[in-house]
2 protein chains.
Amino acid sequence: MNTNESSYRDKKVMSIGIVKELTGLSERQIRYYEKRQLLFPERTDTGIRKYSFSDVERLMEIADRIEEGVQTHEIRTELAKKDEKKAKDVRDQMIRGQINAHFHQKL
Amino acid sequence: MNTNESSYRDKKVMSIGIVKELTGLSERQIRYYEKRQLLFPERTDTGIRKYSFSDVERLMEIADRIEEGVQTHEIRTELAKKDEKKAKDVRDQMIRGQINAHFHQKL
DNA sequence: CGTGTAAGGAATTCTGACACG
DNA sequence: CGTGTAAGGAATTCTGACACG
């Protein structure tokens, strides 16, 4: 029941037109940030880009940093660091989950 | 922070192709259920339908009921009842929120 | 009643390029 | 470097209709 909700944020379901509306960015900008490796939309079999809500959030962060005069290269590094931290947190939680399950199994 | 998350479920952002993939239904079926008033996607200025994750969930429920041999007309009634109940729950929560806010304001 | 399909048109998205700087 | 734009093509979506039942 809770497993579902959070997956909505990461599910790649929107095409660029909606993302454009949600972020206020131009398609040109959205595609350019992808080329610079700031975000990673998926593609349909026929090549149409698909974005998630978290991609939208990320684009708004990117837009903020750009406005501050930060170059895409630096933003890329920052985001990569953030992503790695999140991945680590997820791994930690997984381990706790395992331990927890193991503990309860013993009862 | 929490206000955002739940809104993802109801935000109309997907076009019919994705909904088709997510639900396994045909475009024909999805559009037909709309005509029968079982769901209410939004439209872009140019007439393209946009669906939310909750629409996707709803379509899966609809598909189940159809498989059980229930007619769209009945499903419509069932869903309307459910929707009304949810709306009522939301109103109740709003009131509780008001009371709560009022209470804390007094302190 | 619920769904498939072919038909024609309109709207969307894609890429590579020229432009400015 | 970051972004706008016109260009041409491919993929998507829309509606109304014929079909079966």
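Residue positions within a chain follow its written sequence, with the count starting from 1. Ligands are numbered from 1 and chains lettered from A, in the order in which they are written. With pLDDT at 70 or above as the cut-off, local features in this predicted model cover only qualifying residues; side-chain atom pairs require 80 or more to be listed or tallied, and sums for whole chains, interfaces and linings still use all residues. Side-chain measures were taken over the full set of non-hydrogen atoms in the model, leaving aside hydrogen atoms and water.

You'll find chain A entered in an unreviewed UniProt entry as MerR family transcriptional regulator, with Priestia koreensis given as the organism.

Undergrad: Teacher, can you tell me more about the packing of aromatic side chains here?
TA: The way to describe two aromatic rings as a pair is by their centre distance and the angle between their planes. Working definition: a ring pair exists when centres of Phe, Tyr or Trp rings (six-membered ring for Trp) sit within 6.5 Å. Plane angles under 30 degrees give stacked, over 60 give edge-to-face, the rest tilted. The final tally for this structure, using the stated rule, is five aromatic pairs over all chains. A ring pair is formed by F53 of chain A and F53 of chain B, whose centres lie 6.3 Å apart and whose planes are at 50 degrees; its orientation type is tilted. Of this pair, F53 of chain A sits in helix α4 (residues 53–67) while F53 of chain B sits in helix α4 (residues 53–67), placing the two residues on different chains. In this structure F53 of chain A comes out as buried when scored by relative accessible area, which is 3%. Among the aromatic residues, those joined into a ring-pair cluster are Y8 and F53 of chain A together with Y8 and F53 of chain B. Helix numbers and strand numbers start at the N terminus; a helix is a DSSP run of H or I with at least 4 residues, a strand a run of E with at least 2. Each residue is placed in one exposure class: buried if its accessible area under a 1.4 Å probe, protein chains only, is under 20% of its type's maximum, exposed if it is over 50%, and partly exposed if it falls in between.

Undergrad: Sorry if this is basic, but what is going on with the relation of the copies chain B and chain A here?
TA: For these two chain copies, the linking operation is a rotation about an axis paired with a shift along it. When the copies are overlaid, the least-squares fit takes in C-alpha atoms only where the residue has pLDDT of at least 70 in both copies. Of the transformation placing chain B onto chain A, the axial shift is 0.0 Å and the rotation is 180 degrees, giving an RMSD of 0.0 Å. A rotation of that kind, with that shift, is consistent with a two-fold axis. Considering only C-alpha atoms, the part of chain B nearest the rotation axis is M14 of chain B, at 2.7 Å. It only takes one pair of heavy atoms within 4.5 Å for two residues to be counted as in contact. By residue overlap, the copies meet face to face through one surface: 100% of the interface positions of chain B are interface positions in chain A.

Undergrad: Just checking my understanding: could you explain the side chain of S15 of chain B for this structure?
TA: Within the secondary structure layout, S15 of chain B lies in the loop between α1 (2–10) and α2 (16–23). Overall, the relative accessible area of 18% leaves S15 of chain B in the buried class. Once residues lying within four places of it in the same chain are set aside, the contact partners of S15 of chain B are S15 of chain A together with I48, R49, K50 and Y51 of chain B.

Undergrad: Which parts of the structure should I look at to understand the interface of chain B and chain A?
TA: Interfaces are often described in size by the accessible area the parts lose on coming together. In this assembly, 13 residues from chain B lie in contact with 13 residues from chain A. Using a 1.4 Å probe, buried area is obtained as the accessible area two parts lose upon being combined, added over both of them. Across the interface of chain B and chain A, roughly 1,300 Å² is buried in total on both sides, 69% from carbon and sulfur atoms. If you sort the residues of chain B by the area they bury against chain A, Y8, V13 and F53 of chain B come out on top, with a joint share of 49%. By convention in these notes, a salt bridge is any Lys or Arg side-chain nitrogen within 4 Å of a carboxyl oxygen on Asp or Glu. Across the chain B-chain A interface, the total number found is zero salt bridges. Side-chain atoms alone can form a polar contact between residues adjacent in sequence; in general such a contact is a pair of N or O atoms within 3.5 Å, and within protein one must be able to donate a hydrogen while the other accepts it. Linking chain B with chain A are two residue pairs in polar contact (both at pLDDT 80 or more). Per-element accounting of the side of chain B that touches chain A gives the leading share, three residues, to α1 of chain B.

Undergrad: Sorry if this is basic, but what is going on with α4 of chain A here?
TA: Since the α-helix packs 3.6 residues into each turn, any two residues three or four apart lie on the same face. All names here are of chain A. To estimate the expected span of a helix, count its residues, drop one, and scale the result by 1.5 Å. Look at α4: 21 Å from first C-alpha to last across 15 residues, which is about the 21 Å you get at 1.5 Å a residue. Three or more residues of α4 are buried, namely F53, S54, D55, V56, R58, L59, I62 and A63. Of the residues trailing α4, G69 is marked for its positive phi of about 90 degrees.

Undergrad: How should I be thinking about the protein's contact with DNA strand C in this particular structure?
TA: Nearness of a residue to a molecule or strand requires only that one of the residue's heavy atoms be within 4 Å of it. Taken together, 20 residues form the shell around DNA strand C, and within it R49 of chain A together with S26, R28, Y32 and T72 of chain B come nearest. Between DNA strand C and the protein, one listed contact pairs a phosphate oxygen with a side-chain N or O atom of S15 of chain A at 3.2 Å. Interatomic distance of 2.7 Å between a side-chain N/O atom of Y32 of chain B and a phosphate oxygen of DNA strand C. Elements with a minimum of two residues in the surface near DNA strand C: α2 (16–23) and α3 (27–35) of chain A together with α3 (27–35) of chain B. Ranked by residue count, the leading element in the surface near DNA strand C is α3 of chain B, at four residues. Just so you know the grouping, Ala, Val, Leu, Ile, Met, Phe, Trp, Tyr, Cys and Pro go in nonpolar, Asp, Glu, Lys and Arg go in charged, and all remaining residues, Gly too, go in polar. Counted by class, the surface near DNA strand C contains five nonpolar, eight polar and seven charged residues.

Undergrad: What's the story with the pattern of salt bridges in this structure? I'm lost.
TA: Where side chains of opposite charge bring their charged atoms close, a pairing between them can arise. Taken as a whole and judged by the stated rule, the model has 24 salt bridges over all chains. Salt-bridge contacts for R91 of chain A lead to E84 of chain A; the nearest nitrogen and oxygen are separated by 3.2 Å. The class of R91 of chain A is partly exposed, set by a relative accessible area of 44%. We note a salt bridge from K12 of chain B to D55 of chain B, for which the minimum N-O separation is 2.8 Å. Of this pair, K12 of chain B sits in the loop between α1 and α2 while D55 of chain B sits in helix α4; the two residues are 43 residues apart in sequence, bridging distant segments of the chain.

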